[in-house]
Structures are given as C-alpha cells and as structure tokens.
Amino acid sequence: KAKEHGRNTYQFYTAEMNDAALRKRELENSLHQALREQEFTLHYQPIWNIHTGALEAVEALIRWQHPVHGLISPSDFIPVAEEVGLISKIGAWVMEEACWFGASLHQYCDTPPKISVNVSSRQIQRLDVAELAESVLQMTGMSGERLIVEITESILIADEQKTHQQLERLRDMGIDIAIDDFGTGYSSLSYLKKYPISRLKIDRSFVSDLAQDAEDRALVNGIISLASSLSLKVIAEGVETREQVELIREMGCHSIQGFYFDQPLEGSALVALLEKQPVPDVNPVN
Ligand code: C2E
Ligand code: MG
Ligand code: MG
Ligand code: MG
C-alpha cells in the first residue's frame, strides 16, 4: 500500500514537473512569435514635476497583446523572457520603439517629455546596452538628453566592470540613469557614489501607507535627504491618493508618478494629453 502510494506521489510530481517545463516551452515559443508578429506594445505613464506641474517624463511600460490570452502584464512574461534568454531581443525592441515614439513627440510640443525605459539586469549582463542605445539614438533621431534608463539595485551590487563601463557610456551620451524600486533591494548604498546615477525612484511599497505609517514616512524622508545631499532627483512611484501627493510634496520629492494622476496610456492617448497642454492638479488645494 505504502509503495503504491509512494509511486503515485512520484508520478504526480513527475507529471507536474513536465507540465511546468511544457508551459515554459510553450511560453518561450509564443514569446518568439510575439516578436515576429509584433504582439508587443508600449504604454506610457506620465511622470509630473511636482513643483511646476510640467510633464517631465513618461515611463515606457511593455504590454503583450496575446492573440488568445489577451493583454498579458510584464510581471508575467519578463521574468520568463529573462530565463529563456529572450530579454535582449525584447529589450532592444523596447528601446527602439520608445525612442521612435520619443522622437515623434516634437511634432506635438516644443519641450516633449523625456522617455524612461526599463532595462533588466540580465539585459545589461548579456548585451551591450550602451551600444544599443547609441545605435537607436542615431537611427531614431532621439537625443540622449531626453532618454532615461531605469535599472534596479541588483545590477549595481553585482559590481561588474562591464556594468560600470556601460553606465559611464550611457551617461556620456547624456542619458540619465535612474534606480527603479529604490529601497527594496540592498542596504549597501556605496554604489550611489560609485556609479553615474542621477535619479532615485522610491518604490511604491513605501508610498502606499505613507499617511498611516510613521516608519514609511521616516524612510522616505531619509531617502530624500540622502538624495538631496548627493544631488539626485527623487521620483515617487505608485502615488494613488491626494493625501500621498501632499505628503510627498511636503517632504521635498521632485517628481511624481501614479494612478492618482494617470494610468499607463496608449501612445495616442499620451499624444492627446500633450496636445491639451495639461497642467494636472499637483498644487496644494487652497
Ligand atoms: P516598474 O518599472 O516599477 O513600473 C511601475 C509599475 O507600477 C507599472 O506596472 C505601473 O503600471 C505600476 N503603477 C504605476 N502607478 C501605479 C499606482 O499608482 N498604483 C499601482 N498599484 N501600480 C502603479 P507594469 O506596467 O505592470 O510593470 C511591472 C514591471 O514590469 C515594471 O515595474 C518593470 O519592472 C517591468 N517592466 C515593464 N516594462 C518593461 C520593459 O519594457 N522592460 C523590462 N525589462 N521590464 C519592464
Ligand atoms: Mg520602472
Ligand atoms: Mg518601479
Ligand atoms: Mg517594479
């Protein structure tokens, strides 16, 4: 009886492992297809200057319009793309698409927003992102001063010569480097002075309970004063309420991004917003 049970258990796990492996193979195949068939698209989420109300930048966020499963979020396929080695191809597509879009915005206003592009750690390890940026800027006519590259702390902790060189080259092209999800990664901050970083994006997890949680307020205050003494810009991510806007402004954050102002928008909706020359309600209510 026990033996039988054991065998069943064994078979159960085997079946499940095959299933997971199979699903991954399927996903890998459909990611290849997505690249071929142009099933990816970028949405753009506004980042507002909290003091002037100017549209400072937009963050490019990838979406996958799957023919069967519909819209798939990046959290569901970027990790797989990294694992199966497709992140470089997808990342190259993102960079190019975002820069074509960014360059096109001159048609609609005099000082178009910067374009902020997420670059995964694996992408920096596997591919020369500086070389990619250089050729894409040249091809699209986009200026490096209008490009921001968002990276996460993990790549800086690894502290590889190759990363350092790539970031220096990006900086030399006028590209700003932002640390995404700042505060969630590592406790060592020495990399902030070692690398050419110019922006910190405070992770949403510190912003969401800001009004209720004194510890979160202390952390955000700490990040802002650290940033200010290093002359870094601070962007608050994931701002959803009026109360958070007020707190973040009082604390001295520079820019703000979140559902309170906008969801990530399709390119056409972002253009419509530019044409309206919007000034969102970032000023204190009097
Ligand atoms: P991220 O770079 O930190 O992007 C911010 C995420 O927070 C986006 O999710 C955005 O839609 C969401 N968000 C913005 N404001 C709010 C808010 O007020 N409340 C809440 N709850 N969420 C908000 P999204 O688009 O699903 O992207 C998830 C992650 O996937 C990104 O996090 C980024 O790490 C990754 N990702 C997205 N696009 C790309 C890409 O083109 N390349 C790479 N390598 N990664 C990407
Ligand atoms: Mg980001
Ligand atoms: Mg983030
Ligand atoms: Mg994130």
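Residues numbered from 1 in each chain as written. Chains lettered and ligands numbered in written order. Predicted model: local features only at pLDDT ≥ 70, side-chain atom pairs only at ≥ 80, totals over all residues. Heavy atoms only, no water.

Participant: Explain the overall build of the chain to me, using residue names and the numbers behind them.
Facilitator: A count of helical and extended segments in the chain gives 12 helices and 10 strands. Here the chain, with 286 residues, has 48% of them falling under the buried criterion. Surface accessibility of the chain: about 14600 Å² in total, with carbon and sulfur atoms responsible for 50%. (Helix = DSSP H or I, 4+ residues; strand = E, 2+ residues; numbered from the N terminus. Buried < 20%, exposed > 50% of the residue type's maximum accessible area, 1.4 Å probe, protein only. Areas by Shrake-Rupley, 256 points an atom, 1.4 Å probe, with all protein chains shown as cover.)

Participant: Tell me about the coordination of the magnesium ion (ligand 2), residues and numbers included.
Facilitator: Distances from the magnesium ion (ligand 2) to its protein donors, Glu59 (OE), Asn118 (OD1), Glu150 (OE) and Asp180 (OD), fall at 2.0 to 2.2 Å. Written as a sequence motif, the donor arrangement for the magnesium ion (ligand 2) is E-x58-N-x31-E-x29-D. Separating the magnesium ion (ligand 2) from the magnesium ion (ligand 3) is a gap of 4.1 Å, bridged by Asp180, which donates to each. On the criterion of sequence distance, the pair formed by Glu59 in strand β2 (residues 55-66) and Asp180 in strand β6 (residues 176-182) is long-range, its members being 121 residues apart. (Donors = N, O, S within 2.8 Å, 3.2 Å for Na, K, Ca; no water.)

Participant: A description of the environment of Ile248 should follow, citing residues and the corresponding values.
Facilitator: In this fold, Ile248 is placed in helix α11 (residues 242-251). Taking relative accessible area as the criterion, Ile248 reaches 2% and is therefore assigned buried. Residues Ile248 and Lys89, spaced 159 residues apart in sequence, show a C-alpha to C-alpha distance of 37 Å. Once residues within four sequence positions are removed from consideration, Ile248 is found in contact with Ile50, Val207, Leu210, Ala236, Val239, Cys253 and Ile256. (Contact = heavy atoms within 4.5 Å.)

Participant: Explain the layout of surface pockets to me, and be specific about the residues and the numbers.
Facilitator: Considered as a void within the structure, the largest pocket measures approximately 1100 Å³ in volume. Around the largest pocket sit 36 residues that line it, and Glu59, Leu61, Pro74, Asn118 and Asp180 are the ones nearest its centre. At the level of elements, β2, α2 (74-83), α3 (87-104), α4 (121-126), β5 (147-152) and β6 are the ones that each hand at least two residues to the lining of the largest pocket. Looking at the lining of the largest pocket, its residues break down into 13 nonpolar, 13 polar and 10 charged. By volume, the second largest pocket is sized at about 190 Å³. Every residue lining the second largest pocket is listed: Arg23, Lys24, Glu26, Leu27, Ser30, Trp64, His66, His69, Ile72, Asp76, Phe77 and Val80. With five residues, the top contributor of residues to the lining of the second largest pocket is helix α1 (residues 2-37). (1 Å grid on protein atoms, 1.4 Å probe; cavity = no way out; pocket = protein on both sides within 12 Å on 5 of 7 lines; lining within 4 Å. Points joined across faces, edges and corners; volume = space filled by probe spheres on them. Nonpolar A, V, L, I, M, F, W, Y, C, P; charged D, E, K, R; others polar.)

Participant: Explain the site of ligand 1 residue by residue, including any values.
Facilitator: Near ligand 1 you find 22 residues, and of these Arg63, Asn118, Asp180, Glu240 and Phe259 are the closest. At 2.8 Å from an oxygen atom of ligand 1 is found a side-chain nitrogen or oxygen belonging to Arg63. Between a nitrogen atom of ligand 1 and a side-chain N or O atom of Arg204, the distance comes to 3.2 Å. Considered on its own, ligand 1 offers 800 Å² of accessible surface; in the complex 83% of this is hidden by protein. When atoms are counted within 2 Å of each cavity's grid points, the one that captures over half of ligand 1 is the largest pocket. Secondary-structure elements contributing two or more residues to the shell around ligand 1 are β2, α2 and β6. Among the elements that take part in the shell around ligand 1, β2 stands out by supplying four residues, more than any other. (Near = heavy atom within 4 Å. Polar contact = N/O pair within 3.5 Å; in protein donor to acceptor, adjacent residues only side chain to side chain. Sits in = over half its atoms within 2 Å of the grid points.)

Structural measurements only, silent on function.
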